[in-house]
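Take a look at the letters that make up each chain.
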Amino acid sequence: MIHHALRRLTLLLALCLFSLPVLAETPDYADAANWAYAETDVTGKDADVFFVDPTVFLGSEGVYLWEDLNDEKTRASFVGAINMEKGIYDDNARFFSPFYHQASFQAYLAGDVAAPAFETAYAEVKAAFDYYMAHENNGRPLVLAGFSQGAQHVLHLVEDYAGTEAFDAVFVACYAIGWRFTEEDAAAHPNVRFTEGETDTGTVIAFNSEAPEIAESLLIPAGVKTYAVNPLNWRTDGTPADRSENPGACFTNYSGEIKTEIPQLTGCYIDPVRGALKVTDVSPADYPGALFPDGVYHLYDYQFFYRSLEQNVQKRIAAFLAKN
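Everything numeric in this text was worked out from a predicted model, so none of it was measured. (Residues numbered from 1 in each chain as written. Predicted model: local features only at pLDDT ≥ 70, side-chain atom pairs only at ≥ 80, totals over all residues. Heavy atoms only, no water.)

A. Highlighting the side chain of Ser-97. Residue position: Ser-97 is located in strand S3 (residues 93-98). Judged by its relative accessible area of 0%, Ser-97 falls in the buried class. The residues touching Ser-97, leaving out its near neighbours within four places in the chain, are Trp-35, Ala-36, Tyr-37, Phe-51 and Ile-82. (Helix = DSSP H or I, 4+ residues; strand = E, 2+ residues; numbered from the N terminus. Buried < 20%, exposed > 50% of the residue type's maximum accessible area, 1.4 Å probe, protein only. Contact = heavy atoms within 4.5 Å.)

Given below as C-alpha cells:
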C-alpha cells in the first residue's frame, strides 16, 4: 500500500511540474536587438524616456506569455503600439523601449494561474531598466512611461525604486496611463507620490477613461477605487474640464503618424467613487471598446488627450530642469 501511495504521489508531482509554465529566458539587454528603441545620441535632448509597451500579444486559452521574442509579426505590432504614443514623449528626450516577453491579454482574464507570466514580464522590464540606468542614464532627467500593461510595469518600477538616491536624483515623472494605483497601493508604497498638479515632479500620473454610465471594468473592478488626475485641468478632485480645454485629440497609426486631429473633442471629470476618468461629449458607438465593452475607452486613453499629455511632458521636464 505504501508502494502504491508513493507511486501516486510521484505521478502527482510529475503532473504538477509538467503543468507549470515554461518561463522565457531573460533577454540580454546589452544586445541592441532586444530594444525596440535605444536612442543613444544626446544632441538636443534634455531628458530620457523609458517606455514600456502595452499588451499586443493576445494569446489564447492557457497561453499567457509571448514566448517567441523573434516572431516578426508580434515584433511589428509591438513597435507599432509604441509608435502610437511615442510622439507624446520624444520631442525633447531620447527614447528607450525594450522588447520583453509580455503577458498576453488572456493572462488578464485567467486569474492567479497566469501570475508567473506577469512575474516574467516584469522581471525582464526591470532587467532592461537596470541596464539602462547602469549604462545609459548617466544622471540624465528620466521620464518613465507606458500604457496598459506597460503602465502596470513602469508603476511597479517606481514602487521598487522610489526612495533610492540614484533614482530620485533623476526621476521627472511616471506616466502610468491606463492602469490603476489604489489607496492600498499607496499605503504599501509610501515613497510613491501621486501627482497633485500640472508641473510637480517625482510623481505618478495615471487615469482610466470610460463613459459616465460604466460601473466596473477590467482596469477598475467593482469595489476598487484608484487615484486619477484629470489630463485637461490636472486636478485630482472631481472638478470637470470642459471640452474647450482639450487642445487636441490625435488618432495615430502604427507608424506614429497622426491621421486625424480633433481639437476640443471631449471634456472629462473624475468619478469620486471609483476614481475613473469619465469622458463626456463622445459616444461609445463612435469609439467602440474592441477587446473591452463599449464605453470602456481604454484604447483611447492617450488619443483623446494626446496634445494635453504632449504639452505636460515638456512642462514637467522644464520644471525638473529648473529645480536641478
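There's more to say after this.
B. Representation of empty space enclosed by the protein. Inspection of the entire model under this criterion finds one cavity of 30 Å³ or more. Computed from the structure, the largest cavity encloses a volume of approximately 30 Å³. Here the lining of the largest cavity is built from residues that sort into two nonpolar, four polar and one charged. (1 Å grid on protein atoms, 1.4 Å probe; cavity = no way out; pocket = protein on both sides within 12 Å on 5 of 7 lines; lining within 4 Å. Points joined across faces, edges and corners; volume = space filled by probe spheres on them. Nonpolar A, V, L, I, M, F, W, Y, C, P; charged D, E, K, R; others polar.)

C. Seen up close, the sheet that holds strand S10 (residues 268-270). Spatially, three strands are ordered S7-S11-S10 in an open sheet, and the strand pairing comes out mixed. On the outer flanks of this sheet lie strand S7 (209-210) and S10, each paired with one strand and no other. Two elements, S7 and strand S11 (residues 277-279), share two bridges in a ladder whose sense is parallel. Across the sheet, Ser-209 pairs through a bridge with Leu-277, a residue of S11. (Pairing = 2+ DSSP bridges.)

D. Local environment of the sheet that holds strand S6 (residues 203-205). In space, the six strands of this open sheet follow the order S1-S3-S2-S4-S5-S6, with mixed pairing throughout. Both outer strands of the open sheet, strand S1 (35-38) and S6, are each paired with one neighbouring strand and no more. Ignoring which end each strand starts from, the neighbouring axes of this sheet average 20° apart. Note: strand S2 (residues 47-52) against S3, four bridges, orientation parallel. Its bridge partner lying in S3, Phe-50 is registered against Phe-96. (Axes fitted to C-alpha atoms, helices over the stretch in contact; angles between N-to-C directions.)

E. Quick peek at the packing of aromatic side chains. Following the criterion strictly, the structure yields 35 aromatic pairs and no others. Between Tyr-89 and Tyr-302 the ring centres are 6.1 Å apart and the planes differ by 80°, which places this aromatic pair in the edge-to-face class. Of this pair, Tyr-89 sits in helix H2 (residues 72-89) while Tyr-302 is found in helix H8 (residues 301-304), placing the two residues 213 residues apart along the sequence. Since its relative accessible area comes to 0%, Tyr-89 is described here as buried. (Phe/Tyr/Trp six-rings, centres within 6.5 Å; stacked < 30°, edge-to-face > 60°.)

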